[in-house]
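One-letter residues, chain by chain:
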Amino acid sequence: MAVEVKIVAEPKLEKLSQLADRIRQEVLSDLTEFWTGLEKFVAQALRHRFDTEGHGRWDKLSPRYKEWKDIHYPGRPILQREYGLINAATKKGAAGNIAEKTKTKMIWGVDTNVIPYAGSMQDGKRAPSRIWCELEPSESDDVNLIFGYWLRGRLKQECEAYKK
């Protein structure tokens, strides 16, 4: 007579489903903690954009304006004549900065009522377009990685709590 010895391991789908529901309800429904960390990343990415003058892609100043600016604001980079736009774009709480978070979204930008030229520099309607308010594709990929790491940490916390 043959004796069969085996271990059958099957996931308890009902428990996994409950855990997935809990993650959706408790983790993904409130991303406030994630947005707080992301603000710093976005501010640094925009600062880098200003520091590199759009990664070297911004149009140069017109010769006439460059001459005037060199006299009145020597050494100031493009879009940093009086530092209003760069401060609003990169410093939470600066005049003109928009930093809003809800449980499901984050808005980071510049209030054009405070920094009126912010939009025209972005869209190129009154001056050459110098896109300052967007992430590079690699930076967008980084946001996904940052979210993945954050989510992994949160899932670990939830799984540990679920075990108890």
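Residues numbered from 1 in each chain as written. Predicted model: local features only at pLDDT ≥ 70, side-chain atom pairs only at ≥ 80, totals over all residues. Heavy atoms only, no water.

Undergrad: Describe the overall build of the chain, with residues and values.
TA: A count of helical and extended segments in the chain gives six helices and two strands. Overall, the chain shows an N-to-C arrangement of helices and strands of α-α-α-α-β-β-α-α. The globule rule puts the C-alpha radius of gyration for 164 residues at 15 Å, and the 24 Å found for the chain is more than 25% above it. When the backbone C-alpha atoms are referred to their principal axes, the chain occupies close to 100 × 30 × 25 Å. Of all intrachain contacts in the chain linking residues separated by at least 6 positions in sequence, the fraction that spans at least 24 positions is 57%. Here the chain displays about 11,300 Å² of accessible surface, and carbon together with sulfur accounts for 55% of that area. (Helix = DSSP H or I, 4+ residues; strand = E, 2+ residues; numbered from the N terminus. Rg over C-alpha atoms; globule rule 2.2 N^0.38 Å. Contact = heavy atoms within 4.5 Å. Areas by Shrake-Rupley, 256 points an atom, 1.4 Å probe, with all protein chains shown as cover.)

Undergrad: Can you lay out the nonpolar core for me, pointing to particular residues and giving the numbers?
TA: Grouped together as the largest cluster of nonpolar side chains are 31 residues, with contacts concentrated most on Leu38, Val42, Phe50, Leu79, Leu85, Val110 and Trp132. Counting only elements with at least two residues in this core, the list comes to helix H1 (13–27), helix H2 (32–51), helix H4 (84–90), strand E2 (106–110), helix H5 (118–123) and helix H6 (137–163). In terms of residue count, H2 provides more of this core than any other element does, eight residues in total. Residues in contact with Val42, not counting those within four places in the same chain, are Met106 and Trp108. (Core = buried A, V, L, I, M, F, W, Y, C linked by side-chain atoms within 4.5 Å. Buried < 20%, exposed > 50% of the residue type's maximum accessible area, 1.4 Å probe, protein only.)

Undergrad: Give a description of the environment of Glu139 that names residues and reports values.
TA: Among the secondary structure elements, Glu139 is positioned in helix H6. Taking the C-alpha atoms as reference points, Glu139 and Phe41, separated by 98 residues in sequence, lie 9.0 Å from one another. Leave out the neighbours within four places in its chain, and Glu139 touches Phe41, Ala45, His55 and Glu134.

Undergrad: Tell me about the pattern of salt bridges, and please be specific about residues and values.
TA: Under the counting rule described, the total for this entry stands at nine salt bridges. Of the charged contacts in the structure, one is a salt bridge between Glu39 and Lys101, with a shortest N-O distance of 3.8 Å. Of the two residues, Glu39 sits in helix H2 while Lys101 sits in strand E1 (residues 97–101), which places them 62 residues apart along the sequence. The exposure class of Lys101 is partly exposed, given its relative accessible area of 30%. The partner of Glu82 in a salt bridge is Arg81, with the nearest N and O atoms 3.8 Å apart. With relative accessibility at 52%, the residue Glu82 sits in the exposed group. Since its relative accessible area comes to 31%, Arg81 is described here as partly exposed. Overlapping salt bridges bring together Glu39, Lys92 and Lys101 as one network. (Salt bridge = Lys/Arg side-chain N within 4 Å of Asp/Glu carboxyl O.)

This is a description of form; function is not addressed.
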